[in-house]
Amino acid sequence: EFRTKLKSFFDQPNDLVYGSETALEALTRFSCAVDVLMSEGSSDEIVVTHGTVGSLYLATHGGDAFEIWHSLAAPDYRYIQWSFD
């Protein structure tokens, strides 16, 4: 049942289907925080989050959010290479 709810959460990003915010709201909140952090120009940053929001964010860099979430171990990490213009 939990997996089914999470699948709906990822598949219906504008609908409140799990938790207290939609997937789009969670992604927007997290992305804004990461953008502020990365705008400081540091080359080495660690960002810690739970798997749901992390999966939404990682999917913006390629992939399916539910599949990313489903592939996570506990604990787990992902690496994103940033480029500064």
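Parameters and conventions
- Residues numbered from 1 in each chain as written.
- Predicted model: local features only at pLDDT ≥ 70, side-chain atom pairs only at ≥ 80, totals over all residues.
- Heavy atoms only, no water.
- Axes fitted to C-alpha atoms, helices over the stretch in contact; angles between N-to-C directions.
- Helix = DSSP H or I, 4+ residues; strand = E, 2+ residues; numbered from the N terminus.
- Left-handed = near helix turned anticlockwise from the far one by under 90°.
- Contact = heavy atoms within 4.5 Å.
- Nonpolar A, V, L, I, M, F, W, Y, C, P; charged D, E, K, R; others polar.
- Expected span 1.5 Å × (residues − 1).
- Buried < 20%, exposed > 50% of the residue type's maximum accessible area, 1.4 Å probe, protein only.
- Arc of directions from axis to C-beta.

1. Quick word on the packing of helix H1 (residues 2-11) against helix H3 (residues 51-59)
- Across the interface, H1 lies against H3 with an axial gap of 12 Å and an inter-helix angle of 35 degrees. H1 and H3 meet at a crossing whose hand is right-handed. In this structure, H1 uses Leu-6, Phe-9 and Phe-10 to contact H3, whose residues at the interface are Thr-52, Ser-55 and Leu-56.
- In the contact of H1 with H3, the residues fall into four nonpolar, two polar and no charged.

2. Focus on helix H2 (residues 23-39)
- The first and last C-alpha atoms of H2 sit 24 Å apart over 17 residues, in line with the 24 Å expected at 1.5 Å per residue.
- Those residues of H2 that fall on the buried side of the exposure criterion are Ala-23, Ala-26, Leu-27, Phe-30, Ser-31, Val-34 and Met-38. An end-on view of H2 places all buried positions within 120 degrees of arc, on one side of the element. Away from the buried face of H2 by more than 90 degrees, exposed residues Val-36 and Ser-39 are located.
- Elements in contact with the buried residues of H2: H1 and H3.

3. Description of H1
- Every buried residue of H1 is accounted for by Leu-6, Phe-9 and Phe-10. One face of H1 carries all of its buried residues, which in axial projection span an arc of 90 degrees.
- Contact partners of the buried residues in H1: H2, H3 and helix H4 (65-71).

4. Some thoughts on the environment of Phe-66
- Position of Phe-66 relative to the elements: it lies in helix H4.
- Residues in contact with Phe-66, not counting those within four places in the same chain, are Arg-3, Leu-6, Lys-7 and Phe-10.

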